[in-house]
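If you want the building blocks of each chain, they are given just below.
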Amino acid sequence: EVTSRLYQALLDSSPDDYIRTLVLLNDQVDLATMDARLYAEKASLERRAYEVITTLQDKAEKTQRNLISFIESKVETRDVFSYQSFWIANMLMVEAKPSVISEMMTRLDVGMMDIDALLELDRPVEESVGEVEGTETVEPGLRIINAHLLWQMGITGQGRLVLGIDTGVYPNHPALAHKWRGNHVPSSQAWFDPQGNTTVPSDCDSHGSHTVGTMVGRSLTTPDTIGVAIDAEWIAAKTICSSPHTANSIAAFQWALDPDGNPGTISDMPDVISCSWWDPNAGDQCAQNNIYRTTLNALEAAGIAVVFSAGN
């Protein structure tokens, strides 16, 4: 299957253009069956995460070899500019000339191809500067969703970890700095930049700080409470900046499954991932072999909840 937007990109291209594509292989892990079995066996979260991660990695390692060999032969002729392998879904990002893309379309091991799409932020409908005088002890929106009632029951996010995939986070924000997990674990387990430009938190837009604040923000110096999970920690991935492609988000999702590189541990793995971005031209995102669905199914099978905003 080839998406209509990839066909259109090919029609609009010249022979020497490079087009970023996502190539999903036919051979995928049957996550639905695995998930059902793990539920039936009442598997612990540790076992669930380990089996999902290692099975996905094994599938990619064994089935991508032929396609990677083909791609690397095209790198030598400069028909492929770059490529990246993923195991969270058995797929690759391939930035190649139209002739290579057309050739991959005919391969029996390829199940679906799409554009490595440019993503867009889901911005608030209205923005305003907070007033110094009369600061709310609890933001009105938190009362609307009854977060304060959960706090009264002792449900505050204590011991939980959230991941924000967005534009990053301001490292010195007074409501966020003390809640970064990287304060007591290696930075590589608490911060992910697919471009490799940063090793500690930063924010290229402020949108990411805003959304992480909605998740966990809490000031230590004022009574103001900004976030929902007021006692949770946060980690973050900076994906929506100069190159907000889908592949960056896929890389962040994959990192989230195993930030410390040890599939036998889960303390590094977020309980929930929150996203305030979207792919405006993704078509049927619920299709069986859709790249997003395949990726999110892997996260949920490993025990991670994934939430997308509805207009912030």
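Keep in mind the model is a prediction, meaning the values are calculated, not measured.

(A) Highlighting the overall build of the protein chain. On a plain count of helices and strands, the protein chain comes out with 10 helices and 11 strands. For 312 residues, the compact-globule estimate of 2.2 N^0.38 gives 20 Å, and the protein chain sits close to it at 21 Å. For the protein chain, the C-alpha atoms occupy an extent of roughly 65 × 45 × 35 Å along the three principal directions. Carbon and sulfur atoms form 52% of the exposed surface of the protein chain, whose accessible area is close to 15,200 Å².

(B) Quick peek at the sheet that holds strand β8 (residues 233–238). Taken in spatial order, the 5 strands make up an open sheet running β7-β8-β6-β9-β11, and their pairing is parallel. Two strands lie at the open edges of the sheet, namely β7 (191–192) and β11 (305–308), each paired on one side alone. Pairing of strand β9 (residues 272–275) with β11 involves 4 bridges; the strand directions are parallel. Across the sheet, Ser274 pairs through a bridge with Val307, a residue of β11. Contacting β6 (161–166), β8 and β9, helix α8 (residues 207–216) crosses the sheet at an angle of about 155 degrees to β6.

(C) Just the environment of Cys204, in detail. Along the chain, the position of Cys204 falls in the loop between β7 and α8. On the basis of relative accessible area, Cys204 is assigned to the partly exposed category, the value being 40%. Sequence separation of Cys204 and Tyr170 is 34 residues, and the distance between their C-alpha atoms is 8.8 Å. Apart from residues lying up to four places away in sequence, Cys204 is in contact with Thr167, Lys238, Ile240 and Cys241.

(D) Layout of a nonpolar patch on the surface. On the surface, Ile144, Ile145 and Val228 cluster together into a nonpolar patch covering about 290 Å² of accessible area. With respect to the element layout, Val228 can be found in the loop between α8 and β8.

(E) Representation of the state of the cysteines within the structure. The full count for this structure, using the stated rule, is 1 disulfide. Disulfide pairing is shown between Cys204 and Cys241; the S-S distance is 2.1 Å. Measuring the twist about the S-S bond at about -90 degrees, one finds the Cys204-Cys241 disulfide to be left-handed. Residue Cys204 is located in the loop between β7 and α8, and its partner Cys241 is located in the loop between β8 and α9 (246–257); the two are separated by 37 residues in the primary sequence. No disulfide involves Cys275; its nearest neighbouring cysteine sulfur is the one of Cys241, lying 14 Å away.

(F) How the structure looks around the side chain of Arg181. As for its placement among the helices and strands, Arg181 is situated in the loop between β6 and β7. Take Arg181: its relative accessible area is 11%, and that puts it in the buried class. If we skip the residues at most four places from it in the chain, Arg181 touches Leu161, Ala190, Glu233, Trp234, Ile235, Ser267 and Asp268.

(G) Structural detail: unusual backbone geometry. Residue Lys42 is not a glycine yet carries a positive backbone phi of 50 degrees. Secondary-structure assignment places Lys42 in the loop between α2 (31–40) and α3 (45–63). Even without glycine at this site, Asn146 takes up a positive phi of about 65 degrees. As for its placement among the helices and strands, Asn146 is situated in the loop between α6 (140–144) and α7 (147–152).

(H) Geometry of the sheet that holds strand β2 (residues 80–86). On the basis of which strands lie adjacent, the open sheet formed by 4 strands has the order β2-β3-β1-β4 and antiparallel pairing. Lying at the two open borders of the sheet, with one neighbouring strand each, are β2 and β4 (110–115). Sheet twist, expressed as the average angle between the axes of neighbouring strands with direction ignored, equals 20 degrees. Of the strand pairs in this sheet, strand β1 (residues 19–25) and strand β3 (residues 91–96) are connected by 6 bridges, and their pairing is antiparallel. The partner of Leu24 across the bridge, within β3, is Met91. Lying over the sheet, helix α5 (residues 98–105) contacts β1, β2, β3 and β4, oriented at roughly 15 degrees with respect to β1. Its contacts with the sheet place α9 against β1, β2 and β3, and it is angled at close to 30 degrees to β2.

(I) Quick peek at the pattern of salt bridges. As enumerated under the stated definition, the model contains 19 salt bridges in all. Arg20 is the partner of Asp116 in a salt bridge, and the nearest nitrogen-oxygen pair spans 2.7 Å. Here Asp116 is found in the loop between β4 and β5 (120–121), whereas its partner Arg20 is found in strand β1, with 96 residues between them in sequence. With relative accessibility at 3%, the residue Asp116 sits in the buried group.

Conventions adopted
Residues numbered from 1 in each chain as written. Predicted model: local features only at pLDDT ≥ 70, side-chain atom pairs only at ≥ 80, totals over all residues. Heavy atoms only, no water. Helix = DSSP H or I, 4+ residues; strand = E, 2+ residues; numbered from the N terminus. Rg over C-alpha atoms; globule rule 2.2 N^0.38 Å. Areas by Shrake-Rupley, 256 points an atom, 1.4 Å probe, with all protein chains shown as cover. Pairing = 2+ DSSP bridges. Contact = heavy atoms within 4.5 Å. Axes fitted to C-alpha atoms, helices over the stretch in contact; angles between N-to-C directions. Buried < 20%, exposed > 50% of the residue type's maximum accessible area, 1.4 Å probe, protein only. Patch = residues over 30% accessible without salt bridge, like charges linked within 9 Å, V, L, I, M, F, W, Y side chains within 5 Å. Salt bridge = Lys/Arg side-chain N within 4 Å of Asp/Glu carboxyl O. Disulfide = S-S within 2.5 Å.

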